Amino acid sequence: MSEFLLALDDVLYYPILIIVLLAAGLYFTFTTGFVQFRWLRQSIRVIMEKPEKEGSISSFQALMGSTASRVGTGNIIGISTALCLGGFGSVFWMWAIAMIGSATAFIESTLAQVYKRKDANGDSYGGPAYYIETALHNKALAIAFAIALIVTYAGGFNLLASYNLQSTFSVYGFYDKATTPWIIGGLLAVMVGYCVMGGGKRIVHVTGTLVPIMGVLYVLLSLAIILMHLDMIPSVLGAVFADAFNFQKILGGISASCLMFGIKRGLYSNEAGVGSAPNAAAAADVSHPAQQGLVQMLSVVIDTILCTCTALICMFSGIIPTKEMAGAPYVQAATQVDFGAFGPIMITFAMVLFAFTTLLGNLFYVDNCLAYLNGGKTPSKSTMTIYRIIAVIVIFVGAGMSMDNAWALADITMAFMCLTNIPSIMAMNKTAIAVMKDYGRQLAEGKKPVFKAKNIGLDDSNLDFWK
């Protein structure tokens, strides 16, 4: 089974997904006029705007909901794994995929806002399944995406998050390979089960509280280490670029190269184009769809900064990465160089928060797709209870998996989401660009942008929210 998963993983990413990701990212970057650079400052401004309707989900809360999934175990364990298995050049390719992927994030989240639906309380919801059905009139493809997301987030990603969390305890004396993973998995499953029984909005509020705390603590640790090693920055950057452009090494084994690990782990971490963030973006109460596109674009930037923090922590340590150290052991050994016994403890604490918020954010997305498959309505209470029990069991099982199988399952399920979502948003690019231009025009006129479908020639009879 392991051999089959690894072989399928390799085929999906090279040559298929590497071409799709890079082509789409470059296409959106050029058609938006490099929106990720032009409007970066504007994206920071809009996150502080309050929702139009009191009690609705704000741009900031939607940002935290999507960041809860984006910013997670991939920022620590994923980057450490990429360095150990792909080399220092993985960092450059992670930057590259994030830089062009942020334009993809803008497009998909803008479209999610345009085609979002309104519930009985006047709140909004939506995501790729909804814009695929409404704009492309392809119900079968929309259902396929919804199923792919459920399998990915309730299955592949949550298995991996649970495994990654328990692996951070492997450096401690009390760790027993036969029992400790299951104990940790059981505790994590109970905690997540308690939160998810509160429903979607409760998840948003929980993640909105934990994500900033989690991010600030980790960045402070990273900044402390960076300040202690400022003199090493030129040599570290030199090593990154030298390895990234060692094409002889890359072409000698591309599936295990820095190029492939940079793309895989970068995509797993920032999720640009995967089709997950649009589910959170559609829930935000904003006056113009492009506003939330900018917010989700910023989420990719935040994620990449945190990934870079982990990479610098590891490279500054002077410890040579090996395959045996892949994952938690490498980054924990790196922090121990400067902080002694406190370093590994800090990483474990950060991982507890990262993994917990990742799991909650993941299940919020699944709730949205389950509702889509049920005609836009939340399934019955008994159905949701059964699903959440299964989701909790998956978290428990993930803690006891092998590293190779956990990563392969996450990569494979994520690939199917990308291969459904990216071609779809490319087909809808014209609409997204028209929305972006309408937003820019109103900004240039000194107005607060307000969206009206007729202003871009869009038939509002197909729209549920922007009538």
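Residues numbered from 1 in each chain as written. Predicted model: local features only at pLDDT ≥ 70, side-chain atom pairs only at ≥ 80, totals over all residues. Heavy atoms only, no water.

Participant: I tried to follow the nonpolar core on my own but got confused; where do I start?
Facilitator: Soluble globular proteins tend to pack their nonpolar side chains together in the buried interior. Membership of the largest hydrophobic core comes to 140 residues, with the highest contact counts inside it found for Ile 76, Val 192 and Tyr 218. The element contributing the most residues to this core is helix α17 (residues 342-373), with 16 residues. The contacts of Tyr 218, once residues within four sequence positions are left out, are Ile 76, Leu 306, Cys 309, Thr 310, Ile 313, Met 346, Ile 347, Ala 350 and Phe 354. (Core = buried A, V, L, I, M, F, W, Y, C linked by side-chain atoms within 4.5 Å. Buried < 20%, exposed > 50% of the residue type's maximum accessible area, 1.4 Å probe, protein only. Helix = DSSP H or I, 4+ residues; strand = E, 2+ residues; numbered from the N terminus. Contact = heavy atoms within 4.5 Å.)

Participant: So what exactly am I meant to see when it comes to unusual backbone geometry here?
Facilitator: If a residue is not glycine, its phi is most likely negative; likewise, a peptide bond is most likely trans. One non-glycine residue, Phe 34, lies in the positive phi region at around 60°. You can see Phe 34 is positioned in the loop between α1 (2-31) and α2 (35-38). Classification of Phe 34 as partly exposed rests on a relative accessible area of 35%. The backbone phi angle of His 137 is positive, close to 55°, even though this residue is not glycine. Tracing the backbone shows His 137 in the loop between α7 (128-136) and α8 (139-167). Taking the relative accessible area as the measure of exposure, His 137 reaches 60% and is therefore exposed.

Participant: Quick question: what am I supposed to make of the pattern of salt bridges here?
Facilitator: Side-chain pairs of opposite charge can arise where the charged atoms are in close proximity. Considering all chains together, one arrives at seven salt bridges under this definition. Close ionic contact of Arg 441 with Asp 438 constitutes a salt bridge, the shortest N to O distance being 2.7 Å. Highlighted residues: Arg 441 and Asp 438, both in helix α20 (residues 429-444), separated by three residues, approximately one helical turn. For Arg 441, a relative accessible area of 37% translates into the label partly exposed. With a relative accessible area of 4%, Asp 438 lands in the buried category. Between Glu 445 and Arg 441 there is a salt bridge whose closest N-O contact spans 3.4 Å. What emerges from the salt-bridge pattern is a single network uniting Asp 438, Arg 441, Glu 445 and Lys 447. (Salt bridge = Lys/Arg side-chain N within 4 Å of Asp/Glu carboxyl O.)

Participant: Hey, could you run me through the environment of Gly 89 in this one?
Facilitator: Within the fold, Gly 89 resides in the loop between α5 (77-86) and α6 (90-114). Taking the relative accessible area as the measure of exposure, Gly 89 reaches 0% and is therefore buried. In the structure, Gly 89 is positioned 215 residues away from Thr 304 in sequence and 15 Å away in space, judged by C-alpha atoms.

Bear in mind that shape data such as this cannot, by itself, settle questions of function.
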